[in-house]
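# Fold and geometry: a report
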Amino acid sequence: MLYQDTVESEVLVHKPWFIASAFAIVLAVFLMFNLAGTTFGEMMRPVIGDPAQSGFFGRVAIAFVVAVIFCVNIVLIGFAPLKAQIGIVWVEMLLLCLAFFMIFKLSMPFIWDNLPYLITQGVVTTIYISAVSLVCASLIAMIAAIAKLSGNGFAYAIASFYTSFFRGLPLLLQVYLIYLGLPQLGIVISAVPSGILALSLCYGAYMAEVFRAGIQSIDRGQWEASRSIGFGFGLTMRRIILPQALPVVIPPTGNMFIGMLKDSSLVSVLGVWELTFVSRTIGQPSFRYMEMLITAAMIYWIMSACLEVIQSKLERYYARSKAR
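Owing to the predicted nature of the structure, the values given are computational and were not obtained by experimental measurement.

Along its length, the protein chain carries 13 helices and zero strands. Its helices and strands in sequence order give the protein chain the pattern α-α-α-α-α-α-α-α-α-α-α-α-α, from N to C terminus. Taking 20 Å as the expected radius of gyration for a compact globule of 324 residues, we find that the protein chain reaches 26 Å, considerably beyond that expectation. By its C-alpha atoms, the protein chain is 80 × 60 × 30 Å across when sized along the principal axes.

Written out as structure tokens, the structure is:
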């Protein structure tokens, strides 16, 4: 719901039809998988006997127990306060992720030995590429958005062509075109600047539409009133339009930043020693790919979570006037 309901009503997860539906869905899903050979299957040995010989009965029994545990879990969580519900579900999801990762029998000493280099080389390079691309993309997007909102046909045509072209090409293809294509014209750009340029142009095109929509969300009367009292274009944008557009622009822009952080991994095809390339390179000699790839995945997640926290704080800051 958009706002907390002040009318007392029954919690959704306590309604019989919802519990029955959840039970049926979970039961059907887990019947598709044979979990007899897992740790959970061993825990069910007193009921199903030898998991390897349990056959269809063992699969049904395991799926039934999982469905019951799931339904009991969501019913009990429904009695807790909202923040407690969020915390409990997060902890449970983290434990499930860790249990899934343990299936691969990861070598923790190998991870700990290589983690410092993964951070000092891979993470630092990734953050550097993402940060520079973020600044460049924001500048490009603002210029393109203003051009698309102007009455100048030449500026609008260039901006609209730019956004259409770079949104219509895969980012990986843009990386290749800049790094491998431009040298045929005598323009040689090294790997890191090529990646930054590709990310900036691609995300600048997407963010231009976000900025344009945010500016257009402000009522036309605000613009006319500011111009009527003598404000120039720059002052009107800086003092009147942009402060009101920021609450609209921040959520999609934050998503763009998170997407850029992850898509920076595409520059690994150019041999840049960012996080993805370093994790793959370290795991290759000993065939410990999963250790490094899972570690890199967790690092990407942590960095994305940090950006989500910053985005949330910015949203609350610029939405102060709308707080009730």
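Moving on from the model shown.
So, on to the packing of aromatic side chains. Taken as a whole and judged by the stated rule, the model has ten aromatic pairs. Each ring, one from Y162 and one from F166, has its centre 5.2 Å from the other, and the planes form 55°; the classification is tilted. Separated by four residues within a single helix, Y162 and F166 lie in helix α7 (residues 153-167), roughly one turn from each other. There is no split in this pair, since Y162 and F166 are both buried. Here a set of aromatic residues connected by ring pairs shows up, and it is made of F161, Y162, F165 and F166.

Looking now at the nonpolar core. L171, Y203, M207 and F211 are the most contacted members of the largest nonpolar core, which totals 36 residues. Taken together, the elements giving at least two residues each to this core come down to α6 (108-149), α7, α8 (171-181), α9 (191-216) and α11 (233-263). Among the elements that take part in this core, α9 stands out by supplying 13 residues, more than any other. Beyond its immediate sequence surroundings of up to four residues, Y203 is in contact with A137, L171, M256, G259, M260 and D263.

Below, the discussion takes up a nonpolar patch on the surface. Residues F64, V68, V72, L76 and F79 make up a contiguous nonpolar surface patch of about 500 Å² in total accessible area. Judged by its relative accessible area of 56%, L76 falls in the exposed class.

Let us now look at the packing of α8 against α9. In contact at an axis separation of 9 Å, α8 and α9 are set at 135° when each is read in the N-to-C sense. Put simply, α8 runs oblique to α9. In terms of crossing hand, the pair formed by α8 and α9 is right-handed. When α8 is examined against α9, the residues L171, Q174, V175, I178 and Y179 are found in contact with a partner set consisting of A191, S194, L197, A198, L199, L201, C202 and Y203. Classifying every residue of the contact of α8 with α9 by side-chain character gives eleven nonpolar, two polar and no charged.

What follows concerns the environment of A24. Along the chain, the position of A24 falls in helix α1 (residues 16-31). Sequence separation between A24 and F64 is 40 residues; the distance between their C-alpha atoms is 9.4 Å.

Before going further, it helps to examine the layout of surface pockets. Here the largest pocket defines a volume of roughly 1100 Å³. Counting residues per element, the lining of the largest pocket draws most heavily on helix α5 (residues 82-102), which supplies eight residues. Residues that form the lining of the largest pocket fall into these classes: 21 nonpolar, five polar and one charged.

This paragraph deals with the pattern of salt bridges. Counted according to the given criterion, the structure contains three salt bridges. When the shortest N-O distance is used, the salt bridge between E209 and K148 registers 2.6 Å. Of this pair, E209 sits in helix α9 while K148 is found in helix α6, placing the two residues 61 residues apart along the sequence. What makes K148 buried here is its relative accessible area of 14%.

Our focus in this paragraph is unusual backbone geometry. One non-glycine residue with positive phi stands out, namely F287, at about 60°. By the secondary structure assignment, F287 is in the loop between α12 (275-283) and α13 (289-318). A relative accessible area of 66% places F287 in the exposed class.

Each value, and the rule that gives it
Residues numbered from 1 in each chain as written. Predicted model: local features only at pLDDT ≥ 70, side-chain atom pairs only at ≥ 80, totals over all residues. Heavy atoms only, no water. Helix = DSSP H or I, 4+ residues; strand = E, 2+ residues; numbered from the N terminus. Rg over C-alpha atoms; globule rule 2.2 N^0.38 Å. Phe/Tyr/Trp six-rings, centres within 6.5 Å; stacked < 30°, edge-to-face > 60°. Buried < 20%, exposed > 50% of the residue type's maximum accessible area, 1.4 Å probe, protein only. Core = buried A, V, L, I, M, F, W, Y, C linked by side-chain atoms within 4.5 Å. Contact = heavy atoms within 4.5 Å. Patch = residues over 30% accessible without salt bridge, like charges linked within 9 Å, V, L, I, M, F, W, Y side chains within 5 Å. Areas by Shrake-Rupley, 256 points an atom, 1.4 Å probe, with all protein chains shown as cover. Salt bridge = Lys/Arg side-chain N within 4 Å of Asp/Glu carboxyl O. Axes fitted to C-alpha atoms, helices over the stretch in contact; angles between N-to-C directions. Parallel < 35°, antiparallel > 145°, perpendicular 65-115°, else oblique. Left-handed = near helix turned anticlockwise from the far one by under 90°. Nonpolar A, V, L, I, M, F, W, Y, C, P; charged D, E, K, R; others polar. 1 Å grid on protein atoms, 1.4 Å probe; cavity = no way out; pocket = protein on both sides within 12 Å on 5 of 7 lines; lining within 4 Å. Points joined across faces, edges and corners; volume = space filled by probe spheres on them.

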